[in-house]
Amino acid sequence: MHIQEQLARLLPPLFDGPFERPLWKTFLEALRTTAGADYASLTFRPPGQPLNAVVRLFCGIPGPPEHERLYHEHLYELDPLPYRELEPARPYGLDELLRPGVPSHDTFYEALLAPSGMTAIRIMGVTEESGVDAWVVISRRAPDFEAEGSELLTGLAPSLSQS
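A brief structural summary. All values derive from a computational prediction rather than experimental measurement.

### Side note on the nonpolar core
Core analysis: the biggest nonpolar cluster contains 29 residues, and Trp 24, Phe 27, Leu 28, Leu 31, Leu 42, Ile 138 and Leu 160 have the highest contact counts within it. Once you skip the residues sitting within four places of it in the chain, Leu 160 turns out to touch Leu 14, Phe 27, Leu 42, Met 124, Val 126 and Val 136. Judged by nonpolar contacts, the second largest core, of 19 residues, contains Leu 86, Phe 108, Ile 123 and Val 137.

Here it is, written out as structure tokens:
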């Protein structure tokens, strides 16, 4: 399916997302299937809040519940991903965010990402009009996403910041 057709299919549920329960459920499921991902999420962090003070909406195969609990208790302190420094509306692959051989990066990957099945990732940050930071993530075990995965997220960026 052509990228414009994919976007046309994703935009209505994106804009309807704030009005459905659970929030953005239809959009996240459509994004996950369109991207060929195991997991898709929207994560929101209000300004000035710590890394573990987030609202995460997701669909697909989540990581083990104990990993989510451990992240919120202490693994967030080890999280080397530069969420707030990501260039807005630009998707990043895991290879751009984690450097093998850097102990904190290796620990985070081995303790959280790999056991959660998040070995192929695209993450993109956006800032809502209200000033809330948000990230959209698609992930799967393997193989890595082709260019279309990044193109899909890039195409959604303007609408994500408005929804």
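There is more to say, and it comes next.
### Details of the packing of aromatic side chains
Counted under the stated rule, the structure contains 3 aromatic pairs. Ring geometry for Tyr 39 against Phe 58: centres 5.7 Å apart, planes inclined by 25 degrees, an arrangement best described as stacked. Placement of Tyr 39 in strand β1 (residues 39–45) and of Phe 58 in strand β2 (residues 55–60) is noted, with a sequence separation of 19 residues between them. Given the relative accessible area of 7%, Tyr 39 is considered buried. Between the aromatic rings of Tyr 83 and Trp 135, the centroid separation amounts to 5.5 Å while the plane-to-plane angle is 75 degrees, which identifies the pairing as edge-to-face. Remark: Trp 135 occurs in strand β5 (residues 133–140) and Tyr 83 occurs in the loop between α3 (65–73) and β3 (92–93); sequence separation between them is 52 residues. Taking the ring centre of Tyr 83 as reference, the NZ or CZ of Arg 45 above it sits at 5.6 Å. Above the plane of the ring of Phe 145 lies Arg 140, whose end atom (NZ or CZ) is 4.0 Å from the centre.

### Regarding unusual backbone geometry
The peptide bond linking Arg 21 to Pro 22 adopts the cis configuration, its omega dihedral lying at -10 degrees. If you trace the backbone, Pro 22 turns up in the loop between α1 (3–16) and α2 (25–35). Cis rather than trans, the peptide bond between Ala 142 and Pro 143 has omega equal to -10 degrees. Within the secondary structure, Pro 143 sits in the loop between β5 and α6 (147–162). With phi around 55 degrees, Trp 24 is a residue other than glycine that occupies positive phi space. Mapped onto the elements of the fold, Trp 24 is located in the loop between α1 and α2.

Conventions and cut-offs
- Residues numbered from 1 in each chain as written.
- Predicted model: local features only at pLDDT ≥ 70, side-chain atom pairs only at ≥ 80, totals over all residues.
- Heavy atoms only, no water.
- Core = buried A, V, L, I, M, F, W, Y, C linked by side-chain atoms within 4.5 Å.
- Buried < 20%, exposed > 50% of the residue type's maximum accessible area, 1.4 Å probe, protein only.
- Contact = heavy atoms within 4.5 Å.
- Phe/Tyr/Trp six-rings, centres within 6.5 Å; stacked < 30°, edge-to-face > 60°.
- Helix = DSSP H or I, 4+ residues; strand = E, 2+ residues; numbered from the N terminus.
- Lys NZ or Arg CZ within 6 Å of the ring centre and 35° of its normal.

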